[in-house]
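Observations on the model geometry
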Amino acid sequence: MSSSSSTPSLPKPQIPCKEEVKEEVVAATKSTLSGLRSLAAGGVGGVCAVVVGHPFDLVKVRLQTAEKGVYSGAIDVVKRTVAREGLARVSGADTGRTVGAGSQS
């Protein structure tokens, strides 16, 4: 009885060449930059949505919640709000909603 035990040889790990490493680094960098662009675009989109939509929402809410006869219409709401609270309030520039929308997008 001859005992011939052969142990399977493990494949040697291949070390990537310089070009392969460079290609992987370039691909990872492109992926990271793409993600950052998407994040920035979503943030800008959220801020724009608030800046555009906030004045309309403010007018709607003021008209719905005011007693009958307080405002004569939407333009009256804008005029009175700007006179009392300033343009920043109407545009939404002074609210945390703008920052919040940018971070949620």
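Computed from a predicted model, the values in this text were never measured in an experiment. (Residues numbered from 1 in each chain as written. Predicted model: local features only at pLDDT ≥ 70, side-chain atom pairs only at ≥ 80, totals over all residues. Heavy atoms only, no water.)

Summing up its helical and strand segments, the protein has 4 helices and 0 strands in all. Counted from the first residue to the last, the protein has its helices and strands arranged as α-α-α-α. By residue count, 16% of the 105 residues in the protein fall in the buried class. Summarising the internal contacts of the protein: among those between residues at least 6 apart in sequence, 52% fall at separations of at least 24. (Helix = DSSP H or I, 4+ residues; strand = E, 2+ residues; numbered from the N terminus. Buried < 20%, exposed > 50% of the residue type's maximum accessible area, 1.4 Å probe, protein only. Contact = heavy atoms within 4.5 Å.)

For the rest of this paragraph, the subject is a negative patch on the surface. There is a patch of like negative charges on the surface, built from Glu19, Glu20, Glu23 and Glu24. Residue placement: Glu24 occurs in helix α1 (residues 18–65). According to the relative accessible area criterion, Glu24 is exposed, its value standing at 57%. (Patch = residues over 30% accessible without salt bridge, like charges linked within 9 Å, V, L, I, M, F, W, Y side chains within 5 Å. Areas by Shrake-Rupley, 256 points an atom, 1.4 Å probe, with all protein chains shown as cover. Salt bridge = Lys/Arg side-chain N within 4 Å of Asp/Glu carboxyl O. Lys, Arg positive; Asp, Glu negative; His and termini not counted. Charge placed at Lys NZ, Arg CZ, Asp CG, Glu CD.)

Side chains that differ in charge, positive against negative, can pair when their charged atoms come close. Following the criterion strictly, the structure yields 3 salt bridges and no others. Notably, a salt bridge pairs Asp57 with Lys60, separated by 3.6 Å at the nearest N-O pair. On the criterion of helical spacing, the pair formed by Asp57 and Lys60 is a turn pair, its members being 3 residues apart in helix α1. Note that Asp76 is salt-bridged to Arg80, the shortest N-O span being 3.2 Å. Residue Asp76 and its partner Arg80 are located together in helix α2 (residues 74–85), separated by 4 residues, close to a single helical turn. In this structure Asp76 comes out as buried when scored by relative accessible area, which is 15%. On the basis of relative accessible area, Arg80 is assigned to the partly exposed category, the value being 36%.

So, on to the environment of Arg62. Mapped onto the secondary structure, Arg62 falls in helix α1. Look at Arg62 and you get buried, because its relative accessible area is 18%. The sequence separation of Arg62 and Ala74 amounts to 12 residues, and the corresponding C-alpha distance is 9.0 Å. Ignoring sequence-local partners within four residues, the contact set of Arg62 consists of Tyr71, Val77, Thr81, Glu85 and Arg89. Of the polar contacts made by the side chain of Arg62, one reaches the side chain of Glu85; its length is 3.2 Å. (Polar contact = N/O pair within 3.5 Å; in protein donor to acceptor, adjacent residues only side chain to side chain.)

On to the confidence of the model for the protein, then. The predicted model of the protein has a mean per-residue pLDDT of 82, with 79% of residues at 70 or higher. When mean pLDDT is taken per element in the protein, α2 scores highest with 92 and helix α4 (residues 96–104) scores lowest with 58. (pLDDT = per-residue confidence, 0-100.)

Close contact between α1 and α2 brings their axes to 10 Å; oriented N to C, the two are set at 100 degrees. Taken together, the axes of α1 and α2 lie roughly perpendicular to each other. Contacts between α1 and α2 pair Leu58, Val59, Arg62 and Leu63 from the former with Ala74, Val77, Val78, Thr81 and Glu85 from the latter. Split by residue class, the contact of α1 with α2 holds 6 nonpolar, 1 polar and 2 charged. (Axes fitted to C-alpha atoms, helices over the stretch in contact; angles between N-to-C directions. Parallel < 35°, antiparallel > 145°, perpendicular 65-115°, else oblique. Nonpolar A, V, L, I, M, F, W, Y, C, P; charged D, E, K, R; others polar.)

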